[in-house]
Amino acid sequence: RAQSAIPASDFTVKVTGTVAMFHDLNRNSSSDLLDADRIGIPLMLFILLIVFRAPLAASLPLLVAMVSVTVSMAGLYLLSYWMPVTVFAQNVVSMIGLGVGIDYALFTLSRFRRALSLGVTPAEAALDASTAVGQAVIFSGMTVAIGFMSLFLVNARFLHALALAGAMVVTVCLAATLSLLPVLLS
């Protein structure tokens, strides 16, 4: 009976509710994330080239950030087996990973270049840079990770995935900055 009913020409159907809202948000957020990466990464590389005036030095912070984002996205994939992970968690990983990864690498690189200017070997400069900025980077990273974990105080399950995503990417950034970057510098 419903199939045979012919609706009036001015008849429209609108889908509403939480599922429809999250579908639209996920679709729009996914495309925005891709647009932001397409524009943001080349822009960051350009700015880093201006700051360092050396392609290798400019690419290292971006490399640390990209490694951190990639590893954290893999972590989000594994996390999705235990809890719902929205595209907003991917946005958090991308934004925070690029920002924190580049930031922590810049601290290390500036100290590394200062040590090189004093005439030490690259291996000694990398060790000096890691030692000098390591505690500050760890303190900063743990502060940001704890801030993200405070989202567990809110009784909203989708925020829990954001909390884990933020804490995860900051922790991976710390590990990459304190292990991968000194190896690449030396």
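Summary of the structure given here. All values derive from a computational prediction rather than experimental measurement. (Residues numbered from 1 in each chain as written. Predicted model: local features only at pLDDT ≥ 70, side-chain atom pairs only at ≥ 80, totals over all residues. Heavy atoms only, no water.)

**Some details on the packing of aromatic side chains**
Consideration 1: Tallied over the entire structure, the rule returns one aromatic pair.
Consideration 2: Ring centres of tyrosine 77 and tyrosine 81 lie 5.5 Å apart, and the angle between their planes is 80°; this geometry places the pair in the edge-to-face category.
Consideration 3: Exposure remark for tyrosine 77: the relative accessible area of 51% places this residue in the exposed category.
Consideration 4: The exposure class assigned to tyrosine 81 is exposed, which follows from its relative accessible area of 56%. (Phe/Tyr/Trp six-rings, centres within 6.5 Å; stacked < 30°, edge-to-face > 60°. Buried < 20%, exposed > 50% of the residue type's maximum accessible area, 1.4 Å probe, protein only.)

**Considerations on the pattern of salt bridges**
Consideration 1: Going through the model one piece at a time under the given rule, you end up with one salt bridge.
Consideration 2: Here aspartate 128 ties to arginine 111 by a salt bridge, and the two come within 3.1 Å at their closest N and O atoms. Pair noted here: aspartate 128 is in helix α4 (residues 122-149) and arginine 111 is in helix α3 (residues 87-117), with a separation of 17 residues, a long-range link.
Consideration 3: We classify arginine 111 as partly exposed; its relative accessible area is 28%. (Salt bridge = Lys/Arg side-chain N within 4 Å of Asp/Glu carboxyl O. Helix = DSSP H or I, 4+ residues; strand = E, 2+ residues; numbered from the N terminus.)

**What to know about the nonpolar core**
Consideration 1: Among the nonpolar cores identified, the biggest contains 45 residues, and Leu76, Val93, Leu98, Phe112, Ala165, Leu181 and Leu185 are the most heavily contacted of them.
Consideration 2: Of all elements in the fold, only α1 (18-52), α2 (55-79), α3, α4 and α5 (157-185) reach the threshold of two or more residues within this core.
Consideration 3: Ignoring sequence-local partners within four residues, the contact set of leucine 185 consists of Leu60, Thr108, Leu109, Phe112, Pro122 and Ala126. (Core = buried A, V, L, I, M, F, W, Y, C linked by side-chain atoms within 4.5 Å. Contact = heavy atoms within 4.5 Å.)

**Considerations on the packing of α2 against α3**
Helix packing for two helices is described by the angle between their axes and how far apart those axes are.
Consideration 1: Direction vectors running N to C along α2 and α3 enclose 145°, while the axes themselves pass 8 Å from each other. For the pair α2 and α3, the crossing hand works out as right-handed. For the pair formed by α2 and α3, the contact residues are Ala57, Leu60, Pro61, Leu62, Val64, Ala65, Met66, Val69, Ser72, Met73 and Leu76 on the first element and Ala89, Gln90, Val93, Ser94, Gly97, Leu98, Gly101, Ile102, Ala105, Leu106 and Leu109 on the second. (Axes fitted to C-alpha atoms, helices over the stretch in contact; angles between N-to-C directions. Left-handed = near helix turned anticlockwise from the far one by under 90°.)

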